[in-house]
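Residue-level listing of the chains:
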Amino acid sequence: MGRLRFGPAGKPLGFKGAMERVPEYLASLGLDALEYEAVRGVRISETKARRLGEEARKYDVKLSMHAPYYINLASPDDSVVERSLGRLRDAMIASDWMGAYAVVFHPGYYKGNETPRQALERVVRALQALEEELEGKVSTPELAPETTGKSSQVGSVEEVIEICRNLKRCRPAVDWAHLHARSEGAFVRSVDEVIGVIEQIERELGSRAVRPLHTHFSKIEYGRGGEREHHTLAEEEYGPDWRIVCRAYLETGIDAVIISESPILDKDALVMKRICEEESKR
Ligand SMILES: [Zn+2]
């Protein structure tokens, strides 16, 4: 059986202490992953980042970082791409300080491009330039393009794989809620579908991409065009079903990091962990 790690996107609910104390707190809850949220900009100092990294290693909490939301590598406007790359560069450097293994980001928007292909090519070109710039400067984190929640955004499973195939150090970040919203509910309905995505990633990017597979989960509300809002696991009216995704992890035997993006972060991370423990005994 693979190792499944669970943790919140950002500081646990109700935790009032400093960021550096979060790993110890997560370990006391039985959680072992943390995605540092730099979604409004990378502001952590090198000292704090290094301390957070030490604590994470001490308590065996796997660290990742979510880069700023305002990134559009597919823009036809070079200055937008340049600023986006700056944010991603900051995220990579701070992640290196803390020893985070993946820098998750939303690649960009199709808007302004003639075809989705053109948008994807712009993203790849920008990331190749960044990779070259960071070579020898950053050793730990890998770029982790995320599957996105809106049909206006670059970020289908195929696109994320294609981005990674064109980079030296890259791993996909699969957000199952986003895939559900992006397809307006058509996807993440069966264990076989989820296994299909896992196998596709493994086949095209090699087994290291699923050792571990970096993933996000919550329930999600969608409308035309995709994502509206993240919801808790207890809200029956929304999908996808965590049991389906968990069973696919157990059946394939992959290692996975599961970051809870539910409004009740760590609480739902624990719910997901408990459900997987139940499923593994079936
Ligand atoms: Zn994201």
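Described in the following lines is the structure provided in the data block. As the structure is a prediction and not an experimental result, all values here were calculated from the model.

## Some remarks on the overall build of the protein
In terms of helices and strands, the protein carries 9 helices and 12 strands. Scaling as 2.2 N^0.38, a compact globule of 282 residues should have a C-alpha radius of gyration of about 19 Å, and the protein matches this with 18 Å. By principal-axis analysis of the C-alpha atoms, the protein measures approximately 50 × 45 × 30 Å. Buried residues in the protein amount to 50% of all 282 residues. In the protein, of all internal contacts separated by at least 6 residues, the share reaching a separation of at least 24 is 79%.

## What about the nonpolar core?
Counting 84 residues, the largest nonpolar core has M65, A67, A91, A94, V103 and V123 as the members making the most contacts within it. Contacts of A94, omitting those with residues within four sequence positions, involve A38, V42, I44, A49 and M65.

## Some points on the sheet that holds strand β2 (residues 33-37)
If you trace the 4 strands from one edge of the open sheet to the other, you get β2-β3-β4-β6, paired in parallel fashion. The strands lining the two open edges of the sheet, one partner per strand, are β2 and β6 (142-145). Each neighbouring strand pair of the sheet contributes to a mean axis angle of 30°, computed without reference to strand direction. Across 5 bridges, β2 lies against strand β3 (residues 62-66) in parallel orientation. Paired with L34 across the bridge in β3 is L63.

## Some remarks on the environment of G99
For G99, the position within the fold is in the loop between α3 (78-98) and β4 (102-105). A C-alpha to C-alpha distance of 5.7 Å links G99 and G53, two positions 46 residues apart in sequence. Excluding anything up to four places from it in sequence, G99 contacts G53, R57, L63 and T140.

## Here we look at the packing of helix α8 (residues 242-252) against helix α9 (residues 265-280)
At a closest axis distance of 10 Å, the pairing of α8 and α9 adopts a crossing angle of 55°. Put simply, α8 runs oblique to α9. Handedness of the crossing formed by α8 with α9: right-handed. Contacts between α8 and α9 involve W242, R243, C246, R247 and L250 from the first element and M272, I275, C276, E279 and S280 from the second. Grouping the constituent residues of the contact of α8 with α9 by class yields 6 nonpolar, 1 polar and 3 charged.

## Some thoughts on α8
Here α8 has its buried residues at W242, V245, C246, R247, A248 and Y249. Once α8 ends, the next one or two residues include G253, with phi positive near 75°.

## Quick look at the sheet that holds strand β8 (residues 173-175)
Strand pairing within a sheet occurs via backbone hydrogen bonds; the two strands may be parallel or antiparallel. Pairing is parallel in the open sheet, where 4 strands are placed in the order β1-β12-β9-β8. Each end of this open sheet is capped by a strand with a single partner; those strands are β1 (4-8) and β8. Looking at each pair of strands side by side, their axes are set apart by 25° on average, direction ignored. The pairing of β1 with strand β12 (residues 256-260) spans 5 bridges and is parallel. By the bridge assignment for β12, L4 is matched with A256.

## Re the pairing of strand β10 (residues 219-223)
Bridge analysis of β10 against strand β11 (residues 226-231) gives 5 bridges, and the strand direction is antiparallel. Following the sheet pairing, Y222 is matched in β11 by E227. Counting the residues between successive antiparallel strands, the hairpin from β10 to β11 contains 2 residues, one of them, G225, with a positive phi of roughly 90°.

About the thresholds
- Residues numbered from 1 in each chain as written.
- Predicted model: local features only at pLDDT ≥ 70, side-chain atom pairs only at ≥ 80, totals over all residues.
- Helix = DSSP H or I, 4+ residues; strand = E, 2+ residues; numbered from the N terminus.
- Rg over C-alpha atoms; globule rule 2.2 N^0.38 Å.
- Buried ≥ 20, exposed ≤ 12 C-beta atoms within 10 Å, placed from the backbone.
- Contact = placed C-beta atoms within 7 Å.
- Core = buried A, V, L, I, M, F, W, Y, C linked by C-beta atoms within 7 Å.
- Pairing = 2+ DSSP bridges.
- Axes fitted to C-alpha atoms, helices over the stretch in contact; angles between N-to-C directions.
- Parallel < 35°, antiparallel > 145°, perpendicular 65-115°, else oblique.
- Left-handed = near helix turned anticlockwise from the far one by under 90°.
- Nonpolar A, V, L, I, M, F, W, Y, C, P; charged D, E, K, R; others polar.

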